[in-house]
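# Examining the three-dimensional arrangement
Listed below, chain by chain, are the residues.
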Amino acid sequence: MRHYLSMLLRDTWFRILMWLIGTGGLTLVVPPAFDGLYSTAAEREALRATLDNPAMVALVGPVPPGEYTTAVMFSHEMLVFMGIIHGLFGIMIANSISRKMEDQGLLEYVTSAGITRQSIFGSQLVIGIGMNLLLGTVIFGGLTIMNIDSFGISGNLLYALGTSLFGLLFFVITLILAQLLPASEWSFGVSLSLLLLFYLYRASTDVINTDYSVISPYHWLSRLEVYSSNIYAWLWPFAIILVLIAAAWVLFARRDLDDAYLKFDLHKKTRNIRSYPRLQMTGMKVLVTSWMIGMILIGLSYGSIFGDLDSFIGDTPFLAQAMEGESGTNPLVQFVSTLILVTAVVGAVPALMITSRIMTEEKSSRLELLMSTRIPRAAMLNFHGIYAALIGVLGIFLSMVSMYAASMAAEGIDITFGDYVMAAVNYASPTVLLVGLSMLLIGLSMKLHIVAWLYLLYSFMVNYLGVIVGIDEVWQQATPFYFLAEVPSENIEWAPWLIILGIGIGLGLAGLACFRRRDVA
Amino acid sequence: MSMLELKNLTKTFGSTVAADDVSFTIDKGEIFGFIGPNGAGKSTTIRMIIGALTQDSGSIFLDDTNISKDRHYKDNISYVPGDVNLWGNLTGDEVINFFMKVRNYKNTAYKNELIEKFRLDPKKKCKTYSKGNRQKVALISAFLTDAKLLIFDEPTTGLDPLMERSFHEEVARAKSEGKSILLSSHILSEVEKLSDRIAIIREGKIIETGHLDELSHITRIEYIIQAKEDLSKLDELPFVHEFRVEGEDTHVLIDNDKAHDFLQTLYPLKPTKLQTLPPRLEDIFMRYYEGGRDGS
Ligand SMILES: Nc1ncnc2c1ncn2[C@@H]1O[C@H](COP(=O)(O)OP(=O)(O)O)[C@@H](O)[C@H]1O
Ligand SMILES: [Mg+2]
């Protein structure tokens, strides 16, 4: 097992390290940012009242009882949301060292070299436990060293344990799905869907009645009440990890390699794939469909709480005042506009995934095979860019339409269908900008492309935190979203819209020019 | 009459000189073997021809036109990489059809013939294919085109001997149609039989080009001998190398251009068995470097 483990580690350490730095960093930059933001207890109470509304509960979970200290504010606003990141970490690594390796024939190869099933499974587990333990240590250590007021050791430990166990839970869930499903795309897709469905489920049950939320692991994190009551007992549900590990092992031990318990043989008929765009659209069908469904779900879940939001804001003068803003518009509409902004940032994710696909082609040296035919390289990248922009905008549009549909029953909101459509139009231009950036980075070098993802993550964090705590505007100025009008509370401003669109197209064209010239890996 | 001409191609990756002043010419209707050990620079050279890499210096002419001046030169090239990766969710048939469509080629009768010949199950998804089967898909797609130059990078590494023969037949057929073929390999005997001419590359440099017969001054052939008389004195001769005894058999490597001298020496020793093994690449290098040392 030592040999196999060291081989796996050599293959994955860099990705794990990047995740540790990214996730650890993302967690640890927040406490100092929060510290001193609300210096008096009264201010924090006011903020807590702001957050105690259906929209925010859906986003970050129920407001914990007790005093709302900076630390409690941190755990409340971060824990559930960071759960997605920790879960994603577990899923990505688990899938890459299990089903993906099997698909590539690596598992067969190492078993033929005398490495046992026990060693393979054992090594996978050691990596899952080890990486989460390491991340927990980094977070616990970081929080403790920063030693910020109201961040107690016990709370730090509980935060680290909770997130690590959450990551491990999804690591193990992915291992199980890797046995059940016939290909790595499936195990990845289904575990990612579970991660998001548990989140969306919790989002609605947290608003309706938290008793129902207990099924969702995200809610276990809320129940820990980190930094207030520190209820360690809510770590117990994570004991299910042990059951899942046993199940994963049994499933793995009792099947043939490359076999699966659930098999679906779709499309028996030979499809007629006659061009590069067709080829890629066929390959990305699952990705695009699931993201479009996801965008619809996001729209529906936000839209469905608008009714409650209305009565809530009416009862909360503080919020009404906060949301009134400069323009003196309806605070509700102002709030909806901010939610739409966050949705638009999320909508750029599938777009970047589509541009990234050309790098999958390149890494697997299929690009080389393709470009040895008469298909020009730039034409391939160009297709990815255009398709990415179209799908990105379509996703935003779909979530706007479903938001409208779900909120039709809500009274007191005078946002028309046309307003929602204009919102989608408004956020089309930053989507193009992100796609253009992505194309430029691909054109320069595959290694650089991570910057596009970091920039998107940054935009999300800034706008997400902007909603909650109103962080400094300087941070927002580094994202294109800052310069746009907040539709529908404001009217579209075409000048910045066009400039952002133009920059996006320019970046994309530069990307094409570079891509044509650079060496293919 | 040259189909492809490489002039002084150089490509470096960081401090590695992967191709160092590589030049050779492939004539029309010629099968050209490109031989060198792993890491010698074969794939790098080929990837410059297909435009995946841009050379640091030097130029490439296809049909006497510099490829940097002809945007459509790839219409005349068909390429199969050494390690073929395909789209896991597509069937072999779908992939072959795709390549036929993008290359605008329609001969389905020939396609079916090739599928039959290479014994490919085209209805299966590519992710279930072995390396050899993926290679077959790419080979079939390449043979189907009417490109004038076929480039195969280590084509037979994943094929079993029977399929290798089918491959050789198809290469011969392409040649008979006037196509030129570039075959790379790290095993000399694999391409030697097929090739009209070969080039040998090592550490990025072409060290020899020509027909294998013309290269006899750098090749050695292994002889396996049994004789009535004592063979041990052979070991002292200058053109005999790596003398060793294995049971009844005595193995020696003989400089190819000294075969005459060797056989004359051997005759009085009353040989009862004489068997030869084809020249191996390593032996060529051995002799090449010994020669280089002697000359310096
Ligand atoms: N993309 C690359 N980056 C860095 N080094 C490379 C790259 N491609 C090839 N090399 C190096 O160039 C040399 C020649 O490699 P290659 O052309 O693949 O050899 P061959 O095909 O003859 O086995 C090797 O040392 C290899 O490591
Ligand atoms: Mg090679």
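This text follows the structure it describes.
Reading the values: the criteria
- Residues numbered from 1 in each chain as written.
- Chains lettered and ligands numbered in written order.
- Predicted model: local features only at pLDDT ≥ 70, side-chain atom pairs only at ≥ 80, totals over all residues.
- Heavy atoms only, no water.
- Phe/Tyr/Trp six-rings, centres within 6.5 Å; stacked < 30°, edge-to-face > 60°.
- Helix = DSSP H or I, 4+ residues; strand = E, 2+ residues; numbered from the N terminus.
- Buried < 20%, exposed > 50% of the residue type's maximum accessible area, 1.4 Å probe, protein only.
- Polar contact = N/O pair within 3.5 Å; in protein donor to acceptor, adjacent residues only side chain to side chain.
- Contact = heavy atoms within 4.5 Å.
- Buried area = accessible area lost by both parts, 1.4 Å probe.
- Salt bridge = Lys/Arg side-chain N within 4 Å of Asp/Glu carboxyl O.
- 1 Å grid on protein atoms, 1.4 Å probe; cavity = no way out; pocket = protein on both sides within 12 Å on 5 of 7 lines; lining within 4 Å.
- Points joined across faces, edges and corners; volume = space filled by probe spheres on them.
- Nonpolar A, V, L, I, M, F, W, Y, C, P; charged D, E, K, R; others polar.

Right, let's get into the packing of aromatic side chains. Residue and element names in this part refer to chain A. Under the criterion given, the structure shown has 32 aromatic pairs over all chains. For the ring pair F74 and Y227, a centre distance of 6.4 Å and an interplane angle of 55° mean the geometry is tilted. Highlighted residues: F74 in helix α5 (residues 70-97) and Y227 in the loop between α11 (217-223) and α12 (240-253), separated in sequence by 153 residues. Owing to a relative accessible area of 11%, Y227 belongs among the buried residues under this scheme.

Okay, the side chain of R48(A) next. Residues and elements named next belong to chain A. Among the structural elements, R48 can be located in helix α3 (residues 41-51). Take R48: its relative accessible area is 17%, and that puts it in the buried class. Separated by 2.8 Å, the side chain of R48 and the backbone oxygen of G66 make a polar contact.

At the interface, 32 residues of chain A touch 30 residues of chain B. Of the roughly 2,800 Å² buried between chain A and chain B, counting both surfaces, carbon and sulfur atoms make up 52%. Considering only the surface of chain A that becomes buried against chain B, E368(A), L369(A) and R374(A) emerge as the three largest contributors, covering 23% of it. The salt bridge partner of D75(B) is R374(A), with a shortest N-O separation of 3.5 Å. Applying the counting rule to chain A against chain B returns 18 residue pairs in polar contact (both at pLDDT 80 or more). Elements with a minimum of two residues in the side of chain A that touches chain B: α13 (276-283) and α18 (366-371) of chain A. Counting residues per element, the side of chain A that touches chain B draws most heavily on α18(A), which supplies five residues.

Turning our eyes to something else, we now look at empty space enclosed by the protein. Here the structure, examined in full by the defined rule, presents two cavities of 30 Å³ or more. Quantified by volume, the largest cavity comes out at close to 70 Å³. Every residue along the wall of the largest cavity is listed here: L369(A), S372(A), T373(A), S78(B), Y79(B), V80(B), F99(B), R103(B), A138(B), S141(B) and A142(B). Looking at the lining of the largest cavity, the elements with two or more residues in it are β6 (77-80) and α4 (131-144) of chain B. Of the residues contributing to the lining of the largest cavity, the split by class is six nonpolar, four polar and one charged. Reported here for the second largest cavity is a volume of approximately 30 Å³. In terms of lining, the second largest cavity is formed by S98(A), R99(A), E102(A), L107(A), Q124(A), A178(A), Q179(A), F252(A) and R255(A). When its residues are assigned to classes, the lining of the second largest cavity shows three nonpolar, three polar and three charged.

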